[in-house]
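# Structural features, examined
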Amino acid sequence: MPYRDMRDYLATLEQHSLLRRVAKEVDRNWEVACLAKWLYQALPVERRFGLLFQNVKGSDIPIVTAALGASPHSVALALQCDVEEINGKVVAALRAPIKPKTVGSGVCQENVLLGEMASLTALPIVTWTPGKDKAPYITTNVVTRDHGTGIQNMGVYRTMLRDEHSVVVNLGPGRQGARNVRTWTDGGKAAPIAWVIAAEPAVHLATVANLAYGKDEIDFAGGLKGEPVHLVRAKSVDLLVPANSEIVIEGEVRPGELEDEGPFGEFAGVMGAVAKRPVAHITAITYRTRPLFYGYTSQMPPSESTTIQSLMNAGVILHMMRDCIGDDAVQDVWIDQTFGGLLAHAIVAITPTGDGHGKRVGRTVADIAPFKRITVVDADVDIRDPSHVDWALNARFNPHRDTVIIDDVNVPLHMDPSVRDARGNATPSSKIIIDATQKFDPGPLSLPSRDLMMKALDAWKDCHLPDFQMPKRARLRIEKS
Ligand SMILES: Cc1cc2nc3c(=O)[nH]c(=O)nc-3n(C[C@H](O)[C@H](O)[C@H](O)COP(=O)(O)O)c2cc1C
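Residues numbered from 1 in each chain as written. Predicted model: local features only at pLDDT ≥ 70, side-chain atom pairs only at ≥ 80, totals over all residues. Heavy atoms only, no water.

## Side note on the overall build of the protein
Across its full length, the protein holds 13 helices and 21 strands. Relative to the globule expectation of 23 Å for 481 residues, the C-alpha radius of gyration of the protein, 23 Å, shows essentially globular dimensions. Projected onto the principal axes, the alpha-carbon positions of the protein cover approximately 75 × 55 × 45 Å. Taking all 481 residues of the protein together, the buried fraction comes to 54%. Of the contacts formed within the protein by residues at least 6 apart in sequence, a portion of 73% connects residues at least 24 apart. (Helix = DSSP H or I, 4+ residues; strand = E, 2+ residues; numbered from the N terminus. Rg over C-alpha atoms; globule rule 2.2 N^0.38 Å. Buried < 20%, exposed > 50% of the residue type's maximum accessible area, 1.4 Å probe, protein only. Contact = heavy atoms within 4.5 Å.)

## Quick notes on the sheet that holds strand 2 (residues 50-53)
Strand order across the open sheet formed by four strands is 1-2-3-16, with mixed pairing between neighbours. A strand with exactly one partner marks an edge of an open sheet, and here the two such strands are strand 1 (19-22) and strand 16 (293-294). Pairing analysis gives three bridges linking strand 2 to strand 3 (residues 63-65), with the strands arranged antiparallel. Each bridged residue has a counterpart across the sheet, and for Leu52 the counterpart in strand 3 is Val64. Of the strands in this sheet, strand 2 and strand 3 touch helix 2 (residues 31-42), which is tilted by about 160° from strand 2. (Pairing = 2+ DSSP bridges. Axes fitted to C-alpha atoms, helices over the stretch in contact; angles between N-to-C directions.)

## Quick word on the nonpolar core
Grouped together as the largest cluster of nonpolar side chains are 116 residues, with contacts concentrated most on Tyr9, Leu10, Trp195, Phe220 and Ile249. With six residues, strand 11 (residues 191-197) is the single largest residue contributor to this core. Formed by 28 residues, the second largest nonpolar core is a distinct cluster that contains Ala268, Leu342, Ala369 and Val404. (Core = buried A, V, L, I, M, F, W, Y, C linked by side-chain atoms within 4.5 Å.)

## A look at the packing of helix 10 (residues 386-396) against helix 13 (residues 472-479)
Between two packed helices, the angle of one axis relative to the other and the distance separating the axes together describe the packing. Two elements in contact, helix 10 and helix 13, have axes separated by 9 Å at closest approach and are oriented at 45°. Classified by the interaxial angle, the pair formed by helix 10 and helix 13 is oblique. Contacts between helix 10 and helix 13 involve Ser387, His388 and Trp391 from the first element and Arg473, Leu476 and Arg477 from the second. Each residue belonging to the contact of helix 10 with helix 13 can be placed in one class, and the counts come to two nonpolar, two polar and two charged. (Parallel < 35°, antiparallel > 145°, perpendicular 65-115°, else oblique. Nonpolar A, V, L, I, M, F, W, Y, C, P; charged D, E, K, R; others polar.)

## Quick word on helix 12 (residues 450-462)
With 13 residues, helix 12 extends 19 Å from end C-alpha to end C-alpha; this agrees with the ideal 18 Å at 1.5 Å per step. One or two positions beyond helix 12, positive phi appears at His464, with a value near 60°. (Expected span 1.5 Å × (residues − 1).)

## Considerations on the pairing of strand 17 (residues 330-335)
Among the six residues that make up strand 17, five are buried, leaving the element largely enclosed by the rest of the structure. Bridge count between strand 17 and strand 18 (residues 345-350): five bridges; the pairing is antiparallel. Among the inter-strand pairings, Val333 is bridged to a residue of strand 18, identified as Val348.

## Focus on the packing of helix 4 (residues 86-95) against helix 8 (residues 304-324)
Contact pair helix 4 / helix 8: the axes reach a minimum separation of 8 Å and the direction vectors enclose 60°. Classed by the angle they form, the pair helix 4 and helix 8 counts as oblique. Between helix 4 and helix 8 lies a crossing whose hand is right-handed. For the pair formed by helix 4 and helix 8, the contact residues are Ile86, Asn87, Val90, Val91, Leu94 and Arg95 on the first element and Leu311, Met312, Ala314, Gly315, Val316, Leu318, His319, Arg322 and Asp323 on the second. (Left-handed = near helix turned anticlockwise from the far one by under 90°.)

Laid out in structure tokens, this is it:
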């Protein structure tokens, strides 16, 4: 059964020991963020868990963070599959999206605060880089709509608290949310906008996938879930919002109102720059009785943000390569979690069909996404295992022959702090493609035969040595031995 809502998912996480409730009173101005930072900075990926702060100083509303993106394992649980099956789920949902169903009422509107009553002071908005950030901010799904086509879009855009009734939204000029807003404000109209907090897991995960303009992430969420997401009409703006969410903030962006946003701790691991961004005015807050508040942990990677963005966008790239470009030799894609999403290092597994195929795939991936590094390996390498990928780099990659550098790529500074000269001036970025596929067959692997290795598993037990789970790296190698 798909999850009904965030509460349903949290209960499952807890059953898998992937959620910890914190009963101690915590201060959202520093403590929530710092504890979440230790989660990612100190614990290895397999020991991380989501956090549910039950007792937030000055608020009746509990705060959840890292529940969706503690690790690939939590993302897999949210999608009701194994880590290795996430790409398959994403590709299937992109091939067969499911349209949402509009319903008459939803739990997210059990309580409605309109106009002056809709005060942001009611919400436990977190300061995410305490001591350095300009203000607390919301990180959740933001819904906008194209004025001409009526098609909605969802993306996560950092939303800075400005005062009780207004915010500044980090809608970068290239973002689809910004494009939707302009379809209203360019014609002198106020653009509707809504922040959807603690929606069902499929909605959160679909939102961070970078889909083509005009593709509503809610259809993709339906595909991931396997049934339509229920939507209700917002109370004060002309938008449809996920009915089973915990909290929805509604507002409007009026033409010509921009304000400084930042500085804030950024996903790349440094503080970002201040930029002019649109102001939005809050028109309503609706919420479920005894709601939960969700804020993504981002900033210094690895983080919840880099985990979910990398995992969701790997499937998007696989879909583009196989279904849009038509190269079915592309078997799998993994994106490392040090930057997140389309900006990190992509590792692509292929079954090469001839000379130069590895480089060709690398160039295509470099063209369709902003990755700075693309490594192409054979499908007999576990792309999720850095030590196996490194082995391929050592054993199958000859730098002068197998490297492509693409220069003069334009990447905004705050996305990539390395694109500066020694005096701090912005410089163009570049990309590297590493073709680590095998160019000729060097003969058998230096492992005993498969039969002997399997027989030795029994001997291992007889020796009373500690149990282990066979890594995929070992399985792939033994299969060829
Ligand atoms: C926690 C988190 C925070 C994010 N903050 C921003 C942001 O402030 N501005 C932005 O443009 N993208 C941000 N992103 C990335 C976008 O949400 C993501 O790329 C999304 O697919 C963009 O949607 P769009 O292509 O429909 O605009 C963030 C993602 C996450 C997970």
